[in-house]
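Remarks on the overall topology
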Amino acid sequence: MQNRQLTLLFANRESEMDRELLFEKIEQFLGQSYFNPAMMFAGASIVLFVGYSSGSLFVDMLAWYLLSSMVIAVVQFTDWRCRQYDKWDEKRIALIWFRTIAGFTVAGLFGASYVVLPPEHDASSMLILTIILVAIVFGVFVNNTLFPEYYITFFVVLTASAILYAVFYGDEHMVLYAPILLGLCAAAIIVVIPKLLVMTRIAVEAIEVKISLEKEVLDHIKTKKIIEHQALHDPLTGVANRRKFEIDLDKLIRERKNSANSFAVLFLDLNGFKSVNDSYGHAVGDAMLVSICKRLTSFAGLGSDGEMVARVGGDEFCLLYPHLSADIVLEKLVADLKLALSEPIAVNDQRVSVGASVGVGIYPQDGTTLDELLVHADRQMYQDKVNSKLKRRSTDKD
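Residues numbered from 1 in each chain as written. Predicted model: local features only at pLDDT ≥ 70, side-chain atom pairs only at ≥ 80, totals over all residues. Heavy atoms only, no water.

Quick notes on the packing of aromatic side chains
Scanning all chains against the criterion turns up three aromatic pairs. Taken together, a centroid distance of 5.8 Å and an interplanar angle of 35° make the contact between phenylalanine 77 and tryptophan 80 tilted. Residue phenylalanine 77 and its partner tryptophan 80 are located together in helix H4 (residues 58-84), separated by three residues, close to a single helical turn. Judged by centre distance (4.9 Å) and plane angle (10°), the rings of phenylalanine 263 and tyrosine 363 are stacked. Of this pair, phenylalanine 263 sits in strand E2 (residues 263-271) while tyrosine 363 sits in strand E7 (residues 355-363), and the two are 100 residues apart along the sequence. (Phe/Tyr/Trp six-rings, centres within 6.5 Å; stacked < 30°, edge-to-face > 60°. Helix = DSSP H or I, 4+ residues; strand = E, 2+ residues; numbered from the N terminus.)

A word on the sheet that holds E7
In space, the five strands of this open sheet follow the order E1-E3-E4-E2-E7, with mixed pairing throughout. The open sheet is flanked by strand E1 (240-241) and E7, the only strands paired with a single partner. Two strands pair when backbone bridges link them, and E2 and E7 are joined in this way by nine bridges, in the antiparallel orientation. Paired with leucine 268 across the strands is valine 358, a residue of E7. This element, helix H11 (residues 282-300), spans E2, strand E3 (308-311) and strand E4 (316-321) of the sheet and lies at about 15° to E4. The sheet strands contacting helix H12 (residues 330-342) are E2, E4 and E7, and the helix crosses E7 at an angle near 155°. (Pairing = 2+ DSSP bridges. Contact = heavy atoms within 4.5 Å. Axes fitted to C-alpha atoms, helices over the stretch in contact; angles between N-to-C directions.)

Some details on the packing of H11 against H12
At a closest axis distance of 10 Å, the pairing of H11 and H12 adopts a crossing angle of 145°. With respect to the hand of their crossing, H11 and H12 are arranged in right-handed fashion. Listed contacts from H12 to Ile292, Arg295, Leu296 and Phe299 of H11 are Leu333, Asp336, Leu337, Ala340 and Leu341. Considered class by class, the residues forming the contact of H11 with H12 number seven nonpolar, no polar and two charged. (Left-handed = near helix turned anticlockwise from the far one by under 90°. Nonpolar A, V, L, I, M, F, W, Y, C, P; charged D, E, K, R; others polar.)

What about H12?
Relative to the 18 Å expected for 13 residues at 1.5 Å per residue, H12 spans 18 Å between its end C-alpha atoms, a close match to the ideal helical length. Those residues of H12 that sit buried are Leu330, Leu333, Val334, Leu337 and Leu341. Down the axis of H12, the sector holding all buried residues measures 95°, keeping them to one side. The exposed residues of H12 that point more than 90 degrees off its buried face are Glu331, Lys332 and Leu339. Of the surrounding elements, those touching the buried residues of H12 are E2, H11, E4 and E7. (Expected span 1.5 Å × (residues − 1). Buried < 20%, exposed > 50% of the residue type's maximum accessible area, 1.4 Å probe, protein only. Arc of directions from axis to C-beta.)

As for a nonpolar patch on the surface
There is a patch of nonpolar side chains on the surface, built from Phe58, Val59, Leu62 and Leu66 and spanning about 410 Å² of accessible area. Assignment of secondary structure puts leucine 66 in helix H4. (Patch = residues over 30% accessible without salt bridge, like charges linked within 9 Å, V, L, I, M, F, W, Y side chains within 5 Å. Areas by Shrake-Rupley, 256 points an atom, 1.4 Å probe, with all protein chains shown as cover. Salt bridge = Lys/Arg side-chain N within 4 Å of Asp/Glu carboxyl O.)

Focus on the confidence of the model for the protein
The predicted coordinates should not be examined in detail at positions where pLDDT is low. For the protein, mean pLDDT is 80; residues scoring 70 or higher make up 84% of the total. Mean pLDDT in the protein bottoms out at helix H1 (residues 2-9), which sits at 41, and peaks at E1, which reaches 94. Note that residues 1-14 has pLDDT below 50 and, in this model, 24 contacts with residues that lie over four places away or in other chains. (pLDDT = per-residue confidence, 0-100.)

Considering the environment of glutamate 24
If you trace the backbone, glutamate 24 turns up in helix H2 (residues 16-32). Given a relative accessible area of 6%, glutamate 24 falls into the buried group. For the pair formed by glutamate 24 and lysine 87, sequence separation is 63 residues and the distance between their alpha carbons is 7.5 Å. The residues contacting glutamate 24, other than those within four sequence positions of it, are Lys87, Ile207, Lys210 and Ile211.

Focus: the environment of phenylalanine 267
Note that phenylalanine 267 resides in strand E2. What makes phenylalanine 267 buried here is its relative accessible area of 5%. The sequence separation of phenylalanine 267 and arginine 379 amounts to 112 residues, and the corresponding C-alpha distance is 9.2 Å. Those residues in contact with phenylalanine 267 that lie beyond four places of it in its chain are Val312, Glu316, Phe317, Cys318, Ser357, Val358, Gly359, Ala377, Asp378 and Met381.

Brief notes about the pairing of E3
Within a regular strand, the side chains alternate between the two sheet faces. Here E3 shows no split at all, with Met308 and Ala310 on one side and Val309 and Arg311 on the other all buried. Note: E1 against E3, two bridges, orientation parallel. Opposite alanine 240, over in E3, you have alanine 310 as the bridge partner. Alignment of E3 against E4, held across four bridges, turns out to be antiparallel. The residue of E4 that forms the bridge with arginine 311 is phenylalanine 317. Between E3 and E4, which pair antiparallel and follow one another directly, the connecting turn spans four residues.

Next up, the structure:
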């Protein structure tokens, strides 16, 4: 309900652009109105002094001053709380609505500040109060240019309170200054407010340009990240492609150039994948590749220690283990990897399985450059493939 009322107060805003504009205006409104409470506290203190100098009743002066100070303190506290929330937080919207009502209450109290004057007061006291009210109104005008709805309503509430007091409790001095108040109202309506509305329009247009530029920059960054991701990742499986793998591998080699720490590159080729494509179609083959990559990613434990999985060919993959600890036995690692990949995969109500041939290149024993490591791992992989075929033939003969 509060959000709806605030939206009605500050005009209808339905589009995302309007929503962002509202939040940005509120952000700047809080910045512009930073000194409003201090200005109003000062104005209330001057009113109190004028009433005291005029011989007003202490109880009347204190009651008005305490009530005004309490509401101004609420405005100040609400401003402070609003600044604690993020710009996009909906709680800030509700607080702004509450702060707006408190601001209008302050306007009404200042408009009725003539009540602090004693029945027997001179014209100078009335003049000072009138000047204070004019100063406060123009201060609010200057400090709240982004929301004409606010400063116009503030002006109307303050002047209406003063006029109502003049109508019901006015004396000869009030009759004297009533034309002055009405003249100031007319000047504000005819001259000041139209100029402020022009300033408001310019300020809002500047915010709209700022929001548009920010959106363009964000869209550009987002598009750039998408392009960079597409350039370095396999579009089907989402894992790194050959280019990213080689970039990261080359970077790791340069980092380990003067280090004795080893790392391993595993080169993997699927066995029997072509027959899956031929038998079940490319759609099943693609789905199987996605599942294989998920298994590889889970097996490698990506992110735990800088490990990487990359698809470097149609059915070829590379795994990078940047840190080889003493408890890692590569032979067992390769055997476990083959076992994990040999488990049947359910694809479109079909259960299909493939094997894998794996080769390993260890830095710096098997090579100190990218090409040396990949060539060594590739040769081992093909040797493993040959051995697997020979083993299958031997098994078939038996």
